[in-house]
Amino acid sequence: MELKKSPDGGWGWVIVFVSFFTQFLCYGSPLAVGVLYIEWLDAFGEGKGKTAWVGSLASGVGLLASLGCGLLYTATVTITCQYFDDRRGLALGLISTGSSVGLFIYAALQRMLVEFYGLDGCLLIVGALALNILACGSLMRPLQSSDCPLPKKIAPEDLPDKYCIYNEKGKNLEENINILDKSYSSEEKFRSILANGDWKQESLLLKNPTVTHTKEPETYKKKVAEQTYFCKQLAKRKWQLYKNYCGETVALFKNKVFSALFIAILLFDIGGFPPSLLMEDVARSSNVKEEEFIMPLISIIGIMTAVGKLLLGILADFKWINTLYLYVATLIIMGLALCAIPFAKSYVTLALLSAILGFFTGNWSIFPYVTTKTVGIEKLAHAYGILMFFAGLGNSLGPPIVGWFYDWTQTYDIAFYFSGFCVLLGGFILLLAALPSWNTCNKQLPKPAPTTFLYKVASNV
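Residues numbered from 1 in each chain as written. Predicted model: local features only at pLDDT ≥ 70, side-chain atom pairs only at ≥ 80, totals over all residues. Heavy atoms only, no water.

Trainee: I'm lost on the side chain of S100 in this one. Help?
Mentor: The residue S100 is located in helix 5 (residues 88-130) in this model. In this structure the side chain of S100 is engaged in a polar contact, spanning 3.3 Å, whose partner is the side chain of K309. In contact with S100, not counting residues within four places along its chain, are G302, T305, A306 and K309. (Helix = DSSP H or I, 4+ residues; strand = E, 2+ residues; numbered from the N terminus. Polar contact = N/O pair within 3.5 Å; in protein donor to acceptor, adjacent residues only side chain to side chain. Contact = heavy atoms within 4.5 Å.)

Right, dumping it as structure tokens:
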């Protein structure tokens, strides 16, 4: 199915506006959950690893809120990619800054709400604000396929033959009618046995209209047969669609770059998400005094993430920049910054590292761009849904793993070395898959014809 040409404007800017506020309302609170993480530690009195599950599930998989966030994120990204082509990087950068601005505002808002209304009151107010997403969703209009009107519902008896997987309509109808005839004949036999048995039973049959009705009209039998056949064909078609989906998924993973992208995003979220959840507690564990906090570290991450998303999105629109290599560069630099966190013992160094991590976390704005270039706009929704599932899985696993490392060693050093290693490993795997020399080697292997031709020419000489 081919979609209409991307308008690169018009109603697309309305899509950008509502997508921005959708991500603002949806992801602002989960990304700023580090403020609530300290409250949960004090409220529950559990270890850091176990408590981290609360925040990670809010941003990953496993809860209704995270399920809704995942659906909303995929919807906003997919519809934006459909409406923009030449300015896709800018549009994605604008909508993805919604979550970063939300992180910055919700970090201060949730701290204030906890002070005034307590933890429970804060969560109730945040949930009420999220209901405004319904108004944003009502303005999203997906592009129709080119020269193709919206499908109309048709009655089962008017179903065209092209929807039948096996062209055996006449045969199947006859088989269904024969089955009905057999059922009617067996019913008549039963009645004859009863009639020959006792006159009381025969009088009961005459009083009961459902039993004395010996034969239905021919049209009714045909209609029942058609309905039975339609149900069979519908089941076969659904099974065929399921097989096609599985086949398309396997075909996606045969793409070397897509497979590397899947590994990279999983490792990136395992290692890259914990700072936004745990950075406040890292500062407290490093004995940084509260008087030194000019601005919350989570707010710094939020501001720089917004800047990074916008600038990286603009860079992605330049034709001379390879977006895949740009994404790899963000992973490598971010992995090195994560490994440097154990050496930061003051607010200034932690704030600087938070700014670096926030800026390169802005690579979320170019990730849909990279996915589109890898699989094409037609397969974007399918591919992006798979990638976002594993991204959510990484979000869920990362903070508890880092928390368990702290509970085990009573320091965050090994935890952030592990996080940095995961992000670096994902970046280098993606880099190896994207190298042109790798593609050249693969393309030259199945071409023995020129060698045979040269051999024949040499033998003739």
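Picking up after the structure, the text goes on.
Trainee: Looking at this structure, how should I read a nonpolar patch on the surface?
Mentor: Together, F104, I105, I294, M295, I303, V307, L310, L311, I314, L315, F318 and W320 give the surface a local cluster of nonpolar side chains, amounting to about 1,100 Å² of exposed area. Considering each element in turn, the nonpolar patch owes the most residues, six residues, to helix 13 (residues 297-316). Here L315 lies in helix 13. (Patch = residues over 30% accessible without salt bridge, like charges linked within 9 Å, V, L, I, M, F, W, Y side chains within 5 Å. Areas by Shrake-Rupley, 256 points an atom, 1.4 Å probe, with all protein chains shown as cover. Salt bridge = Lys/Arg side-chain N within 4 Å of Asp/Glu carboxyl O.)

Trainee: Explain the side chain of T305 here, please?
Mentor: Assignment of secondary structure puts T305 in helix 13. Here T305 falls in the buried class, since its relative accessible area comes to 6%. Reaching out from T305, the side chain makes a polar contact with the backbone oxygen of I301 at a distance of 2.5 Å. Setting aside anything within four residues of it in sequence, one finds T305 in contact with S100, G358, F359, T361 and G362. (Buried < 20%, exposed > 50% of the residue type's maximum accessible area, 1.4 Å probe, protein only.)

Trainee: Looking at this structure, how should I read the nonpolar core?
Mentor: Taken as a class, soluble globular proteins show a tendency for nonpolar side chains to be buried jointly. If you look at the biggest cluster of nonpolar residues, it comprises 107 residues, and the most contacted ones within it are Y327, F367 and L430. Counting only domains with at least three residues in this core, you end up with domain 1 (1-142) and domain 2 (231-437). (Core = buried A, V, L, I, M, F, W, Y, C linked by side-chain atoms within 4.5 Å. Domains from an automatic or database assignment.)

Trainee: Sorry if this is basic, but what is going on with helix 5 here?
Mentor: Structurally, the α-helix is built with 3.6 residues per turn, so residues lying three or four positions apart point the same way. A rise of 1.5 Å per residue sets the reference length of helix 5, with its 43 residues, at 63 Å; its end C-alpha atoms lie only 27 Å apart and thus fall more than 12% short of the reference. The largest bend along helix 5 reaches roughly 125 degrees and is located at Y117. (Expected span 1.5 Å × (residues − 1). Bend = angle between axes of the 7 residues up to and from the residue.)

Trainee: Can you walk me through the pattern of salt bridges in this structure?
Mentor: Oppositely charged side chains can pair when the atoms bearing their charge come close. Counting across every chain of the model gives one salt bridge. Across the pair D85 and R88 runs a salt bridge whose closest N-O atoms are separated by 3.6 Å. Judged by its relative accessible area of 40%, D85 is partly exposed. Classification of R88 as buried rests on a relative accessible area of 7%.

Trainee: Would you mind going over the packing of helix 13 against helix 15 (residues 347-361) with me for this structure?
Mentor: For any two helices packed against each other, the geometry is given by the interaxial angle and the distance between the axes. Orientation of helix 13 relative to helix 15, taken along the N-to-C sense of each, is 35 degrees, at an axis distance of 6 Å. Relative to helix 15, the crossing made by helix 13 is right-handed. Residues L297, I300, I301, M304, T305, V307, G308, L311 and L312 of helix 13 form the contact with helix 15, whose participating residues are Y347, L350, A351, S354, A355, G358, F359 and T361. (Axes fitted to C-alpha atoms, helices over the stretch in contact; angles between N-to-C directions. Left-handed = near helix turned anticlockwise from the far one by under 90°.)

Trainee: Hey, could you run me through helix 15 in this one?
Mentor: Given a rise of 1.5 Å per residue, 15 residues ought to cover 21 Å, and the 20 Å separating the end C-alpha atoms of helix 15 matches this to within 8%. Listing the buried residues of helix 15 in full gives Y347, L350, A351, L353, S354, A355, L357, G358, F360 and T361. Against helix 12 (274-285), helix 13 and helix 14 (323-340) lie the buried residues of helix 15.

Trainee: Mind showing me how you'd approach the packing of helix 12 against helix 13 here?
Mentor: Running from N to C, helix 12 and helix 13 cross one another at 145 degrees; their axes reach a closest spacing of 8 Å. With respect to the hand of their crossing, helix 12 and helix 13 are arranged in right-handed fashion. Listed contacts from helix 13 to P275, S276, M279, E280 and A283 of helix 12 are L297, I298 and I301. In terms of residue class, the contact of helix 12 with helix 13 is made up of six nonpolar, one polar and one charged. (Nonpolar A, V, L, I, M, F, W, Y, C, P; charged D, E, K, R; others polar.)

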